[in-house]
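Given next are the chains, with one letter for each unit.
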Amino acid sequence: MARRKEVVVSALQFACSDDVASNVDTAERLVRSAHEKGANIILIQELFEGYYFCQTQKEDFFQRAKPYKDHPTILRMQKLAKELGVVIPVSFFEEANNAHYNSIAIIDADGTDLGIYRKSHIPDGPGYQEKFYFNPGDTGFKVFQTKFAKIGVAICWDQWFPEAARAMVLQGAELLFYPTAIGSEPQDEGLDSRDHWKRVMQGHAGANLVPLIASNRIGKEVIQTEHGKSSITFYGNSFIAVANDKEEAILVAEFDLDQIKSKRHSWGIFRDRRPDLYKVLLTLDGSNPSS
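Residues numbered from 1 in each chain as written. Predicted model: local features only at pLDDT ≥ 70, side-chain atom pairs only at ≥ 80, totals over all residues. Heavy atoms only, no water.

Participant: Would you mind going over the sheet that holds strand β11 (residues 212–216) in detail, with residue names and values included?
Facilitator: Taking strand neighbours across the sheet as the criterion, the 4 strands line up as β8-β9-β10-β11 in an open arrangement whose pairing is mixed. This sheet does not close on itself; its edge strands, each paired only once, are β8 (143–145) and β11. Looking at each pair of strands side by side, their axes are set apart by 25° on average, direction ignored. Where strand β9 (residues 150–153) meets strand β10 (residues 175–180), 3 bridges bridge the pair, whose relative direction is parallel. Note that in β10 the partner of valine 153 across the bridge is phenylalanine 177. The strands that helix α3 (residues 162–170) touches are β8, β9 and β10; relative to β10, the one it contacts most, it runs at about 140°. (Pairing = 2+ DSSP bridges. Helix = DSSP H or I, 4+ residues; strand = E, 2+ residues; numbered from the N terminus. Axes fitted to C-alpha atoms, helices over the stretch in contact; angles between N-to-C directions. Contact = heavy atoms within 4.5 Å.)

Structure representation (structure tokens):
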């Protein structure tokens, strides 16, 4: 009998302070715990080195960006990945000459840096003013061949766009990973997007028949803005299975990738695609149906 291709994945969830050293220490502690639970690929939440600073437009926060090459947190996670034999996607605020990106480096189980993905879709709304800080990513959607699986990795706001998930799976992604920072809406305390958020990503998994792993932070973060204090309470709910909204968590799940591949093929969702009819996606932008 052929050997089954099994992989154990983990999503981490924790509250961030605004101190890089303590956050990276927390991330390492949880990565080690996930490894002890058998995890092969371990996802840390978006921009975990500090507070989610995009609540406000403040030029001082550009000082948090660092170049990709020799980035201290990436180097530390490379060492950790090699020691434990695990894959770790590492989210960071990247400075690239005069450009800035919301980026993620993919570290393989031997510590090799497989390259980066730069966030493609950049949000701009109350509490989530990322266009002030980040250029739109220029890498395109990518997949990475790791020791344990071929993975696709996108970032937070990317997860609202079905095209991103489909593009990664069409390139052979066996698992989809989404590091995230999402919570309450400063302009509307009654607005709670968590159920919508989960349903959209469950849709990506269902439409492509691939497992999807999401890692979101928890806790309340307060940022001083030019108009006073702004706060977001991040709602966690990281999921493979669903974590709650208040507690540090290490989620772990095991998948048989060969079995999932067979199921994906038998459903025919890729066999029955009609790319010849999808050219309309290149000409319609939603603002002018007749264009």
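Participant: Explain helix α2 (residues 72–84) residue by residue, including any values.
Facilitator: Relative to the 18 Å expected for 13 residues at 1.5 Å per residue, α2 spans 19 Å between its end C-alpha atoms, a close match to the ideal helical length. Looking at α2, one finds that the buried residues are Thr73, Ile74, Met77, Gln78, Leu80, Ala81 and Leu84. Along its buried surface, α2 packs onto α1 (20–36), β3 (88–96), β4 (99–107) and β5 (113–118). A positive backbone phi angle near 70° is found at glycine 85, which sits one or two residues after α2. (Expected span 1.5 Å × (residues − 1). Buried < 20%, exposed > 50% of the residue type's maximum accessible area, 1.4 Å probe, protein only.)

Participant: Quick one: what's the story with the pattern of salt bridges, residue by residue and with numbers?
Facilitator: All told, the structure shown has 15 salt bridges when counted by the stated rule. The salt bridge involving arginine 64 is made with aspartate 18; its shortest N-O contact spans 2.8 Å. Linking arginine 64 in the loop between β2 (41–43) and α2 with aspartate 18 in the loop between β1 (6–13) and α1, this pair joins segments that are 46 residues apart in sequence. On the accessibility criterion, arginine 64 (26% relative accessible area) is partly exposed. Aspartate 18 gets classed as partly exposed once you look at its relative accessible area, which sits at 38%. Residues joined in a network through salt bridges with shared partners are Asp25, Glu28, Arg32, Arg76 and Glu83. (Salt bridge = Lys/Arg side-chain N within 4 Å of Asp/Glu carboxyl O.)

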